[in-house]
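Spelled out, the chains give:
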Amino acid sequence: MKKPFSKLFNLIDKSEMAHDEDLVHVSLENIVPNQYQPRAVFDQDKIKELAHSIEKHGLLQPITLRPIEEDMYEIIAGERRFRALKYLAYENTKAIVKYLTDQETAAIALIENIQRENLTSIEEARAYKQLLDMDDVTQKDLAESIGKSQSFIANKLRLLKLSDDVITALEKEEITERHARALLSLDNDGQYDVLNNIVSDKLTVKETELAVKNRQKKRTEQINFNDDVTFVLNDFERDIKKLREKGMDIRIENSETNDFHEVIIKIYK
């Protein structure tokens, strides 16, 4: 079975086992991480577990690299294995060297992470956006290539519109993706306030959705109140204008605080 993106980018199926004659020995000092790696945070405990497994059983699947300059290579697939080897203080490793484009490299990095370890929703969204920005790949192409619906891709991308505070909370897993989605309809200030409630009061998704609705309702009521006051003030202005046209000396002063509007009308004798 072909991996996702194989059809889109004409990639070789990575599931095929490499033969010894295909492998090269590369110094770990000459290897750099994948610049398109979607995973921002690696679980150190899992890296240590992998390191112990490699120490006991050997490296069962070589790291895949691409040359980037003389004697230097970039990881295409296998950054967790690379980190485990570094943890073990190995000096070199067997690797497969392929000549791939930036787009192909980014695609493989994304697919490897999706299939082997769950990315956070933000990491996944950023990876999708990176791929969509690189070439003439549509959301439909992307969705079909990874076996997801187009709406799934669109919903992931919408998470990138969240405020920085919410994105950080999502990355730290302080809130779930469903919590974050509920906040999308609020402005940044509203997201910040409700986010604090979610974390401090441990709100469920339903409670978060209710908090968002209450916030929107309060905002709407405030807007309606301000509109009503504006109409009243306009009526005052029209009436005073008519009285002034009749020769009356009238002054009007408006002021506003957080709690009330104040209107002072002075009619001079």
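Residues numbered from 1 in each chain as written. Predicted model: local features only at pLDDT ≥ 70, side-chain atom pairs only at ≥ 80, totals over all residues. Heavy atoms only, no water.

Taking an unreviewed UniProt entry as the reference, the protein is identified by name as Nucleoid occlusion protein belonging to Jeotgalicoccus meleagridis. Under the UniProt heading Subcellular location (unreviewed entry), the entry covering the protein gives this text: "Cytoplasm, Nucleoid". Quoted verbatim from the Sequence similarities (unreviewed entry) field of the UniProt record, the comment on the protein reads "Belongs to the ParB family." (UniProt positions renumbered as here; feature names shortened; annotations may be inferred.)

Colleague: What exactly am I supposed to notice about the overall build of the protein here?
Modeller: From N to C terminus, the protein includes eleven helices and seven strands. Here the protein holds 269 residues, and 38% of them are scored as buried. (Helix = DSSP H or I, 4+ residues; strand = E, 2+ residues; numbered from the N terminus. Buried < 20%, exposed > 50% of the residue type's maximum accessible area, 1.4 Å probe, protein only.)

Colleague: Could you clarify how one ought to interpret unusual backbone geometry in this entry?
Modeller: Of all residues except glycine, most have a negative phi; of all peptide bonds, most are trans. Unlike most non-glycine residues, glutamate 173 shows phi in positive territory, near 60 degrees. Along the chain, the position of glutamate 173 falls in the loop between helix H8 (164-171) and helix H9 (177-182). When its relative accessible area of 64% is taken as the criterion, glutamate 173 is described as exposed. Positive phi, normally seen in glycine, also occurs at lysine 202, with a value near 55 degrees. When you line up the elements, lysine 202 lands in the loop between helix H10 (188-201) and helix H11 (205-245). Taking relative accessible area as the criterion, lysine 202 reaches 69% and is therefore assigned exposed.

Colleague: Honestly, helix H7 (residues 150-158) in this entry has me stumped. Any pointers?
Modeller: If you check which residues of H7 are buried, you get Ile153, Lys156 and Leu157. The buried residues of H7 all sit within an arc of 100 degrees when viewed along its axis, so they share a single face. (Arc of directions from axis to C-beta.)

Colleague: Is there a simple way to think about the environment of serine 53 in this case?
Modeller: In this structure, serine 53 sits in helix H2 (residues 44-57). Expressed as a C-alpha distance, the spacing of serine 53 and alanine 84, which sit 31 residues apart in the sequence, is 9.4 Å.

Colleague: Even after reading the chapter, I still don't get the packing of helix H6 (residues 139-146) against H7, so can you show me in this structure?
Modeller: For any two helices packed against each other, the geometry comes down to the angle between their axes and how far apart the axes lie. Direction vectors running N to C along H6 and H7 enclose 110 degrees, while the axes themselves pass 8 Å from each other. Comparing their axes, H7 and H6 come out roughly perpendicular. For the pair H6 and H7, the sense of crossing is right-handed. Each of Gln139, Lys140, Leu142, Ala143 and Ile146 in H6 lies in contact with H7, whose residues at this interface are Gln150, Ile153, Ala154 and Leu157. Residues that form the contact of H6 with H7 fall into these classes: six nonpolar, two polar and one charged. (Axes fitted to C-alpha atoms, helices over the stretch in contact; angles between N-to-C directions. Parallel < 35°, antiparallel > 145°, perpendicular 65-115°, else oblique. Left-handed = near helix turned anticlockwise from the far one by under 90°. Contact = heavy atoms within 4.5 Å. Nonpolar A, V, L, I, M, F, W, Y, C, P; charged D, E, K, R; others polar.)

Colleague: How should H10 be read in this particular structure?
Modeller: For an α-helix, the turn length of 3.6 residues means that residues three or four places apart are oriented alike. Look at H10: 20 Å from first C-alpha to last across 14 residues, which is about the 20 Å you get at 1.5 Å a residue. By the burial criterion, the buried members of H10 are Gly190, Gln191, Val194, Leu195 and Ile198. An end-on view of H10 places all buried positions within 130 degrees of arc, on one side of the element. Set apart from the buried face of H10 by more than 90 degrees, the exposed residues are Asp189, Ser200 and Asp201. Lysine 202, located one to two residues past H10, shows a positive phi value of around 55 degrees. (Expected span 1.5 Å × (residues − 1).)

Colleague: Explain the pairing of strand E7 (residues 261-268) here, please?
Modeller: The side chains of a regular strand alternate between both faces of the sheet. With eight bridges connecting them, strand E6 (residues 249-256) and E7 associate as antiparallel partners. Of the residues in E7, the one forming a bridge with isoleucine 250 is isoleucine 267. The antiparallel hairpin formed by E6 and E7 contains four residues in its connecting segment. (Pairing = 2+ DSSP bridges.)

Colleague: Help me out: how do you make sense of the sheet that holds strand E4 (residues 72-77) in this one?
Modeller: Sheet strands associate in pairs through backbone hydrogen bonding, adopting either a parallel or an antiparallel arrangement. One open sheet accounts for five strands, arranged E1-E5-E3-E4-E2; its pairing is mixed. Among the strands making up the open sheet, the edge pair consists of strand E1 (23-27) and strand E2 (31-32). Note: E1 against strand E5 (residues 92-97), five bridges, orientation antiparallel. Bridging from a neighbouring strand, serine 27 pairs with asparagine 92 of E5. The strands that helix H3 (residues 79-87) touches are E2, strand E3 (63-69), E4 and E5; relative to E4, the one it contacts most, it runs at about 125 degrees.

Colleague: Looking at this structure, I do not really get a nonpolar patch on the surface. What am I missing?
Modeller: Together, Phe236, Leu243, Met248, Val263, Ile265 and Ile267 give the surface a local cluster of nonpolar side chains, amounting to about 450 Å² of exposed area. Elements with a contribution of two residues or more to the nonpolar patch: H11 and E7. Top contributing element to the nonpolar patch by residue count: E7, with three residues. Tracing the chain through its elements places methionine 248 in the loop between H11 and E6. For methionine 248, a relative accessible area of 37% translates into the label partly exposed. (Patch = residues over 30% accessible without salt bridge, like charges linked within 9 Å, V, L, I, M, F, W, Y side chains within 5 Å. Areas by Shrake-Rupley, 256 points an atom, 1.4 Å probe, with all protein chains shown as cover. Salt bridge = Lys/Arg side-chain N within 4 Å of Asp/Glu carboxyl O.)

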